[in-house]
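Below, each chain spelled out in residue letters.
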Amino acid sequence: MTTSPNAPAIVIQGLTKTYASGLQALKPVDLTIAKGEIFALLGPNGAGKTTLISIVCGIVNPTTGSVLADGYDIQTQFREARTRIGLVPQELTTDAFETVLATVTFSRGLFSRAPNPAFIEKILRDLSLWDKKDNKIMTLSGGMKRRVMIAKALSHEPEILFLDEPTAGVDVELRRDMWALVRTLRDRGVTIILTTHYIEEAEEMADRVGVILKGELILVEDKTTLMKKLGRKTLTLNLIETLEAVPAELAEWNPTLIADGHELQYEFDANAEDTGVPSLIRRMEALGIGFKDLNTRQSSLEDIFVSLVHQSSSQEKAA
Amino acid sequence: MTGFNAYGVWAIYRFEMARALRTVWQSIVTPVITTALYFVVFGSAIGSRMTEIDGVPYGAFIVPGLIMLSLFTQSIFNASFGIYFPKFTGTIYEILSAPVGPFEIVLAYVGAAATKSAVLGLIILATAAFFVPLQILHPVWMLTFLILTATTFSLFGFIIGIWANGFEQLQMIPMLVITPLTFLGGSFYSIDMLPPVWRTITLFNPVVYLISGFRWSFYGSGDVGIVWSVAATFGFLLACLGVVWWMFKTGYRLKS
């Protein structure tokens, strides 16, 4: 398949969507996703993640704005654009009465690709579906159906793959399998855009993270940079003797007592020049508060995400 | 990339045909049995007591009308169900996100529905030959009307399938509009047998023209002139094409 070598995988400019009901699902969104990147789109329910994906894939009409997929406009050059895109939707929407092999073969043809039984067999084997190829989809478990959805999306060898909540409701084993599959696809040069509720998933796989709230893309950042920039660390000190309350002399650090007074926790900015950790420990020594162990924990992407959501809600209330 | 997704059209067409084969009792056997019962009741039992119409025995006279009745209902059912079911189950996402244009989608769904109902029409014709003596004076015209009618009503069914928001709506127009119009459109009688006032009123029923043209291809005579029949068929076809074009242009009930 001919591609535009220098074009980013996805270029979204000024994309908005207002439904007939008046609901503004997307405020102007601008986003560029490079080829071969794994991009995680995070956001609570109703934030606009699925609307954004649906517009790029051609399922929902945009109100304004443009989208290029591999350099091709999704509206005026929809054939070129859509041939390059694969979509695994959030819902398990499959033809219940079709067999696994028939439905995956159907998808390949639908996306304008010549029959290739060997390739279909490879996909089904990779997804542990080959033994089920003659089974009707209605007889499969939820996890297997999810695999079928992925097989259908990969059947036409897309260069850009959208995974909308790919691991929602699947067991741990399948989730790990999917993560492995995503990495394999990335190694082959496939660009992957995934939405997820499992922040752990984004943390595990994504190169970049976008956070969408109420239709607005409030943040797009390299995952590592984001975690460095917004990440906070927590110091936990395991006390020798329990405390009933935080001594007034430690108030400036604002630590909290947890585990029935057995542990003292102090949250600090890891990037700050003065983290406050050495001075806290010195003050504790002066007060005769000993500790037998300590550990620090970097805040997770989930912590960052929750903090961003709360920040946004607070700003809205203040306004 | 070419401007026509032949693989895509073939995939949808084959999928729809496979669905008919999976449900062969519902798709083929049931309509054939129902039509055979019409022949037994109206053709043999009652028909033997009725006089000829335009020189054609009553049993043979009703054959074109019965085939048309099956064509109308099956074309609408096949096409409306074909596009409605993916909407209902959500699998329509795959069609909408695929590189298939509106023309290809219509060609595949309507082509499959029309193929199924045209084949069914021919099977019913063959079944009729067991019960009544048949003659087909204009076989090419007969086939032309058969295919045109199957295509037109499949397009109409496709429109209903997109429009429908539930299974009740899916059944509403075929049951409440098409079937009555067909029964009152000369399937079982010549409209010349009606009193003048009712004959005039009946001429506003578009189905009369379709059945009349099809009957003309068998016996060389119909309730209205063949030109009117051809014009009515093409008129309905063009109207359906116009509505389908508008539906895709606006994304009506397909894309929000």
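These figures come from a predicted structure and were not determined experimentally.

Here we take up the overall build of chain A. Scanning chain A from terminus to terminus reveals ten helices and 14 strands. Along the longest, intermediate and shortest principal axes, the C-alpha atoms of chain A span 75 × 45 × 40 Å. Across the 319 residues that make up chain A, the buried fraction comes to 49%. For chain A, long-range pairs separated by at least 24 residues make up 71% of all intrachain contacts whose partners lie at least 6 apart in sequence. Measuring between centres, the 35 positive side-chain charges of chain A sit 7 Å from its 43 negative side-chain charges.

Residue and element names in this part refer to chain A. Among the nine residues in helix α1 (residues 49–57), eight count as buried, and that is most of the element. Three or more residues of α1 are buried, namely Lys49, Thr51, Leu52, Ile53, Ser54, Ile55, Val56 and Cys57. Following α1 by one or two positions, glycine 58 adopts a phi angle in the positive range, close to 95°.

Located in the positive-phi region is A:Ser112, a residue other than glycine, with phi close to 65°. Relative to the elements of secondary structure, A:Ser112 occurs in the loop between α3 (100–110) and α4 (117–126). Note on A:Ser112: relative accessible area 21%, which makes it partly exposed. Of note in the backbone geometry, B:Asp54 takes a positive phi value of approximately 50° without being a glycine.

Moving on, we come to the sheet that holds strand β11 (residues 232–239) of chain A. All names here are of chain A. With respect to topology, four strands assemble into an open sheet ordered β12-β13-β11-β14, the strand pairing being antiparallel. On the outer flanks of this sheet lie β12 (256–258) and β14 (291–298), each paired with one strand and no other. The average undirected angle you get between the axes of adjacent strands in this sheet is 25°. Where β11 lies against strand β13 (residues 263–269), seven bridges are found, and the strand directions are antiparallel. Bridge assignment links threonine 234 to a residue of β13, and that residue is glutamate 267. Along the sheet, helix α9 (residues 277–287) makes contact with β11, β13 and β14, crossing β11 at roughly 15°.

Contact residues are listed per partner, giving 31 residues for chain A and 29 residues for chain B. Carbon and sulfur atoms make up 59% of the area that chain A and chain B hide from each other, which totals about 2700 Å². A per-residue breakdown of the area chain A buries against chain B is headed by A:Arg79, A:Phe106 and A:Leu110, which together make up 25% of the total. Linking chain A with chain B are three salt bridges. The salt bridge partner of A:Lys152 is B:Glu94, with a shortest N-O separation of 3.0 Å. Inspection of the chain A/chain B interface yields twelve residue pairs in polar contact (both at pLDDT 80 or more). If you list the elements that add at least two residues to the side of chain A that touches chain B, you get α2 (78–83), α3 and α5 (142–154) of chain A. Grouping the amino acids of the side of chain A that touches chain B by side-chain chemistry returns 14 nonpolar, nine polar and eight charged.

Next up on the list: the packing of helix α5 (residues 102–131) of chain B against helix α6 (residues 139–163) of chain B. All names here are of chain B. Interhelical geometry of α5 versus α6 gives an angle of 135° and a closest axis separation of 8 Å. Taken as axis vectors, α5 and α6 run oblique relative to one another. Crossing of α5 over α6 shows right-handed handedness. In contact with Ile105, Val106, Tyr109, Val110, Ala113, Ala114, Ser117, Ala118, Gly121, Leu122 and Leu125 of α5, α6 contributes Met142, Leu143, Leu146, Ala150, Thr151, Ser154, Leu155 and Phe158. Residue classes in the contact of α5 with α6 are distributed as 15 nonpolar, four polar and no charged.

Glancing now at the UniProt feature "domain: ABC transmembrane type-2" (unreviewed entry) in chain B. Taking the numbering used here, the UniProt-annotated feature "domain: ABC transmembrane type-2" (unreviewed entry) corresponds to residues 22–251 of chain B. The annotated region residues 22–251 of chain B carries 78% helix and 0% strand content, and the separation between its end C-alpha atoms amounts to 31 Å.

Residues of chain B with pLDDT of at least 70 account for 99%, and the chain-wide mean is 90. Across chain B, element-level confidence peaks in α6(B) with a mean pLDDT of 96 and bottoms out in helix α2 (residues 24–46) of chain B with 80.

With that settled, consider a nonpolar patch on the surface. Together, B:Val40, B:Val41, B:Ile46, B:Met50, B:Phe130, B:Phe131 and B:Met193 make up an exposed nonpolar region whose accessible area comes to about 660 Å². When contributions to the nonpolar patch are tallied by element, the ones reaching two or more residues are α2 and α5 of chain B.

Turning our eyes to something else, we now look at the packing of aromatic side chains. Residue and element names in this part refer to chain B. Applying the stated criterion across every chain yields a total of 23 aromatic pairs over all chains. Taking 5.4 Å as the distance between ring centres and 35° as the angle between the ring planes, the aromatic pair formed by phenylalanine 183 and phenylalanine 188 counts as tilted. Looking at phenylalanine 183, the relative accessible area reads 31%, which means it is partly exposed. With relative accessibility at 9%, the residue phenylalanine 188 sits in the buried group. The interplanar angle of 50° and the centroid separation of 5.8 Å between the aromatic rings of phenylalanine 218 and tyrosine 219 together place this pair among those described as tilted. A residue is classified by how much of its surface remains accessible, and phenylalanine 218, at 0% relative accessible area, is buried.

Right, let's get into the pairing of strand β4 (residues 64–69) of chain A. Residues and elements named next belong to chain A. Bridging between strand β1 (residues 10–18) and β4 involves five bridges; their strand directions are antiparallel. Each bridged residue has a counterpart across the sheet, and for valine 11 the counterpart in β4 is leucine 68. Where β4 and strand β5 (residues 72–73) come together, two bridges link them in antiparallel fashion. Within β5, the residue paired with alanine 69 across the bridge is tyrosine 72. In this structure, the hairpin formed by β4 and β5 is closed by a connection of two residues, where aspartate 70 is found at a positive phi of approximately 55°.

This part covers the sheet that holds strand β10 (residues 216–222) of chain A. All names here are of chain A. Across the sheet, six strands lie side by side as β6-β7-β8-β3-β9-β10; this open sheet has mixed pairing. Two strands bound the open sheet, and with one partner strand each, they are β6 (85–88) and β10. Averaged over all pairs of adjacent strands, the angle between strand axes in this sheet comes to 15°, irrespective of strand direction. This element, α1, spans β3 (38–42), β6, β7 (160–164), β8 (191–196) and β9 (208–213) of the sheet and lies at about 150° to β7.

Here the focus is the nonpolar core. Ranked by internal contacts, the top residues of the largest apolar core, which has 154 residues, are A:Ile10, A:Phe162 and B:Phe158. If you tally residues by element for this core, the top one is helix α3 (residues 58–89) of chain B, at 16 residues. In contact with A:Ile10, not counting residues within four places along its chain, are A:Leu31, A:Thr32, A:Ile33, A:Val56, A:Leu68, A:Ala69, A:Ile160, A:Phe162 and A:Ile193.

So, how was this worked out
Residues numbered from 1 in each chain as written. Chains lettered and ligands numbered in written order. Predicted model: local features only at pLDDT ≥ 70, side-chain atom pairs only at ≥ 80, totals over all residues. Heavy atoms only, no water. Helix = DSSP H or I, 4+ residues; strand = E, 2+ residues; numbered from the N terminus. Buried < 20%, exposed > 50% of the residue type's maximum accessible area, 1.4 Å probe, protein only. Contact = heavy atoms within 4.5 Å. Lys, Arg positive; Asp, Glu negative; His and termini not counted. Charge placed at Lys NZ, Arg CZ, Asp CG, Glu CD. Pairing = 2+ DSSP bridges. Axes fitted to C-alpha atoms, helices over the stretch in contact; angles between N-to-C directions. Buried area = accessible area lost by both parts, 1.4 Å probe. Salt bridge = Lys/Arg side-chain N within 4 Å of Asp/Glu carboxyl O. Polar contact = N/O pair within 3.5 Å; in protein donor to acceptor, adjacent residues only side chain to side chain. Nonpolar A, V, L, I, M, F, W, Y, C, P; charged D, E, K, R; others polar. Parallel < 35°, antiparallel > 145°, perpendicular 65-115°, else oblique. Left-handed = near helix turned anticlockwise from the far one by under 90°. UniProt positions renumbered as here; feature names shortened; annotations may be inferred. pLDDT = per-residue confidence, 0-100. Patch = residues over 30% accessible without salt bridge, like charges linked within 9 Å, V, L, I, M, F, W, Y side chains within 5 Å. Areas by Shrake-Rupley, 256 points an atom, 1.4 Å probe, with all protein chains shown as cover. Phe/Tyr/Trp six-rings, centres within 6.5 Å; stacked < 30°, edge-to-face > 60°. Core = buried A, V, L, I, M, F, W, Y, C linked by side-chain atoms within 4.5 Å.

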